[in-house]
Amino acid sequence: MTDTQEIKNRLDLVDVVQDYGVQLRKSGRNYAGFCPFHANTRTPAFYVFPESQTWRCFGACAEGGDVFSFVMKKNGWDFRETLVDLARRAGVTLEETRPKDAAREAIEDRQVALLDAASNYYHQLLLHAPQAEAARRYVSDRGLNDDTVNAFRLGFAFDSWDAAKTHFTGQGYSEEELLAVGLLTEHEERHTRYDRFRGRFMIPIRDLDGRVVGFGARTLDPDGIPKYLNSPQTALFDKGHLIFNLDMARRHIRDAREVVLVEGYLDVMTAWQHGFRNVVAQMGTALTETQLRLLQKHSKRFVLALDPDAAGAKATLRSLQLARETLDRELDVRFDARGLVQLEGRLRADIRVVTLPEGQDPDKLIRNDPAAWPRLLAEARPVVDYVIEVVAAGLEPGDAKGKSVAATQVLPLINDIADPVERDHYFTKLGKTLGIDVAALRQAAEKQKKDRRPRTTSGGSRPPYHEQPPPIQDGPPQVGDQPFVPPEPDVPPDGTGIPARGTLNSGGKIATRRLRHSPRLEENFLRQCLEHPGALPAVNYLLTRHKQQEVSAADFVRVEDKIILDIISDRTTTPSVATIDELCDSLDSAIAQRVRALFEKPSTLGNKLDRLPDSLALSVLDWRLEKIREQNSILKQFLPAGGRFDSKDELTQSYLDQVQEMKRINHARDAMSATGRRRAEEGLSGRKTR
Ligand SMILES: [Zn+2]
């Protein structure tokens, strides 16, 4: 939970507001009072909604927010001052001042110390134990010198069931501790515990901080199975989150502006020994999303150096697919002659592939001829070339079905290319390689793009980035509709309410509604704009074009979200930090927590980048409508029965203004979805004829 959420959970906005001298009276589920921010004496215009812990002035301010924005506004404080004050009031220790859980930290420290001692223990055995002769021979056969053996702290484990167990229990560690870090294995039935690593060449695996968290252990027996045995999953050793040698390589990756991914630990070590230090290895078969994000922090250019076998090629295809889905995309926003937004999504990372010659791996290749390595890397080809080659390999000329499958695999990659000339090049190349008519390929590509788009219906397109937006097609109730009918008959008029004025609707009782507005649309909006800095100006452009206000702090309820919108605006003008992690590092921790929380749910975006601003702009209108409808359902209570409006009364005036505003938004929304549909269709037919 974020610090701000924790504070909100512990404080009651009703108390806080009253402590600032605002008198509140219960009104149904909610509380009403005179607004402390403007001259408000006739009808209480200031509402507090305990369920959502938000407030709103329905009068002249037309403003609202959470406990933070109330206190900020009341005191003229900034967010930081308010955060510190409310944290103290709520008894919440802010993250930056919070000590880690002491007990957990002590356990982790002990585990790290144990693994460090284990890597030293194995290392000393490799250097000195008479039984390690075969391991030392293996090291020299592999051409690893003393510097490398020391830098990687390579080791040897006795071919024994209890050598490590005896050694470390003798040093005061319990068997449970040895089990917890993966040095011991427990027999499932007999529950006996024995050394996990026996008669193996030991390669310590370090995390990003350089701490040993586990081992990769290679058998020294030519018939030994498995060839490599890794530490089991433990609290410290999580294969999906680790990249071999990234701690030592990252400085070099930054310098070289390139990271080279190889398949084996030995490939990395041999490369290191020969001065190629931006080389790392993935920890299993296919790359994970976390690994990709980890690497992306250090470089945007990836070279995958792969063994030439077919299984490797398949794993690579999977990795590449994942890479496309995972890595940052950037939006190019342009405006065409008619002022319509043109967008292209493009993978921010540059992924290249190099295949090693038959029978080679990086280790062998570098040992035979170190100069061949940079030459080979220089030949790394763009990923599309590689994929075309892989999918075309082994296809029979007459295999129509196979060709279609192959094309389906390559087309998304080609669709991802922003540059039309380059895209053209690959259509031609794919056509030639598969022996398919290029026009047919283009058609298939457009179809793929179209299929990924949301379905449009005669009732208007739906924003595609959230599953099911609330219905908005029912317009606002017409002013003058009498008598007043509550728009949500399922909400019982259960409050006693304050008599706002002599004329009450609905039999003298006021039912203030529960605020039902869901923050989902805003959260998705912020997340997408953080990820795609081009999106906000494009959305604002669309809104302005349809005579709607640009997105502003007033569109958000949570104070963090208001601040995050500012950050997004800054990001569109200054090409600052590249990744969300780097952004979070630069933020106040309470804001960073909110940003991370926004990214916790998986993105629903998929491959629909080109429609992003359209759908975001529509979602802005949707949530504005949703909010106004909620506010109006409360304001309606103040309308006089009989349809005679006193336009001098500020609440009545607010209501009338809001009804007009709702009409304008609905109008803009219709126009916007019609334009979006037309643009999508024109885009398709335009490309076909090219
Ligand atoms: Zn006010």
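Bear in mind the structure is a predicted one, so any value in this text is a computation, not a measurement.

1. Quick notes on the overall build of the chain
Each helix and strand counted, the chain has 26 helices and 18 strands in total. Expressed as a percentage of its 690 residues, the buried residues of the chain come to 51%. Restricting to contacts in the chain with at least 6 residues of sequence separation, those with at least 24 account for 68%. Carbon and sulfur atoms form 51% of the exposed surface of the chain, whose accessible area is close to 31,900 Å².

2. Concerning the environment of C584
By the element assignment, C584 lies in helix α23 (residues 580-585). For the pair C584 and R594, spaced 10 residues apart in sequence, the C-alpha to C-alpha distance is 9.5 Å. Apart from the residues lying within four places of it in its own chain, the contact partners of C584 are A592, V595 and R596.

3. Comments concerning the nonpolar core
Grouped burial of nonpolar side chains is what soluble globular proteins tend to show. I7, F46, V48, F525 and V551 are the most contacted members of the largest nonpolar core, which totals 78 residues. In terms of residue count, the dominant contributor to this core is helix α25 (residues 612-635) (11 residues). Residues Y122, L144, I366 and A372 belong to the second largest nonpolar core, which totals 65 residues.

4. Points about the side chain of N230
Assignment of secondary structure puts N230 in strand β11 (residues 228-230). A distance of 2.9 Å separates a polar atom in the side chain of N230 from a polar atom in the side chain of Y265. Sequence-distant contacts of N230, defined by excluding residues within four places in its chain, comprise R196, F197, I205, F215, G216, F237, K239, Y265 and M283.

5. Some details on the coordination of the zinc ion
Coordination of the zinc ion by the protein comes from C35 (SG), H38 (ND1), C57 (SG) and C61 (SG), over a distance range of 2.1 to 2.3 Å. Bound by 4 donor atoms, the zinc ion shows angles of 98 to 114 degrees at the metal and therefore tetrahedral coordination geometry. Within one chain, the residues donating to the zinc ion are spaced in sequence as C-x2-H-x18-C-x3-C. Of this pair, H38 sits in the loop between β2 (30-33) and β3 (46-49) while C61 sits in the loop between β4 (54-57) and β5 (63-65), and the two are 23 residues apart along the sequence.

6. Quick notes on the packing of helix α17 (residues 400-415) against helix α18 (residues 420-434)
Contact geometry for α17 and α18: axes closest at 11 Å, N-to-C directions at 165 degrees. Relative to α18, the element α17 lies roughly antiparallel. Once α17 is placed against α18, the crossing between them reads as right-handed. Contact residues: K403, A406, A407, V410, L411 and I414 in α17; R423, Y426, F427, L430 and L434 in α18. Residues that form the contact of α17 with α18 fall into these classes: 9 nonpolar, no polar and 2 charged.

7. Concerning the pairing of strand β10 (residues 212-219)
The element β10 is largely enclosed, with a buried count of 8 among its 8 residues. The sheet contact formed by strand β9 (residues 200-206) and β10 spans 7 bridges and is antiparallel. The residue of β10 that forms the bridge with R200 is T219. Hairpin connection between β9 and β10: a loop of 5 residues separates the two successive antiparallel strands, and G210 in this loop has a positive phi of roughly 80 degrees. Summarising the sheet, β10 and β11 pair through 3 bridges and their orientation is antiparallel. Considered in β11, the bridge of G216 is made with N230.

8. As for the packing of aromatic side chains
The geometry of an aromatic ring pair is captured by the separation of the ring centres together with the interplanar angle, meaning the angle of the planes. One pass over the full model with this rule turns up 27 aromatic pairs. Measuring from centroid to centroid gives 6.5 Å for F276 and W373, while their planes differ by 50 degrees, and the two rings are tilted. Of this pair, F276 sits in the loop between α11 (265-273) and β13 (279-281) while W373 is found in helix α15 (residues 372-378), placing the two residues 97 residues apart along the sequence. Per residue, the accessibility class of F276 equals that of W373, and both read buried. Aromatic rings pair up to connect Y121, Y122, F168, Y173, F197 and F215 into one cluster. We note K73 situated over the ring of F37; from NZ or CZ to the ring centre the distance is 5.0 Å. The cationic tip of R277 hangs over the ring face of W272; the distance from NZ or CZ to the ring centre is 4.0 Å.

The rules behind each value
Residues numbered from 1 in each chain as written. Predicted model: local features only at pLDDT ≥ 70, side-chain atom pairs only at ≥ 80, totals over all residues. Heavy atoms only, no water. Helix = DSSP H or I, 4+ residues; strand = E, 2+ residues; numbered from the N terminus. Buried < 20%, exposed > 50% of the residue type's maximum accessible area, 1.4 Å probe, protein only. Contact = heavy atoms within 4.5 Å. Areas by Shrake-Rupley, 256 points an atom, 1.4 Å probe, with all protein chains shown as cover. Core = buried A, V, L, I, M, F, W, Y, C linked by side-chain atoms within 4.5 Å. Polar contact = N/O pair within 3.5 Å; in protein donor to acceptor, adjacent residues only side chain to side chain. Donors = N, O, S within 2.8 Å, 3.2 Å for Na, K, Ca; no water. Tetrahedral: all angles 85-135°; square planar, octahedral: opposite > 155°, others 65-115°. Axes fitted to C-alpha atoms, helices over the stretch in contact; angles between N-to-C directions. Parallel < 35°, antiparallel > 145°, perpendicular 65-115°, else oblique. Left-handed = near helix turned anticlockwise from the far one by under 90°. Nonpolar A, V, L, I, M, F, W, Y, C, P; charged D, E, K, R; others polar. Pairing = 2+ DSSP bridges. Phe/Tyr/Trp six-rings, centres within 6.5 Å; stacked < 30°, edge-to-face > 60°. Lys NZ or Arg CZ within 6 Å of the ring centre and 35° of its normal.

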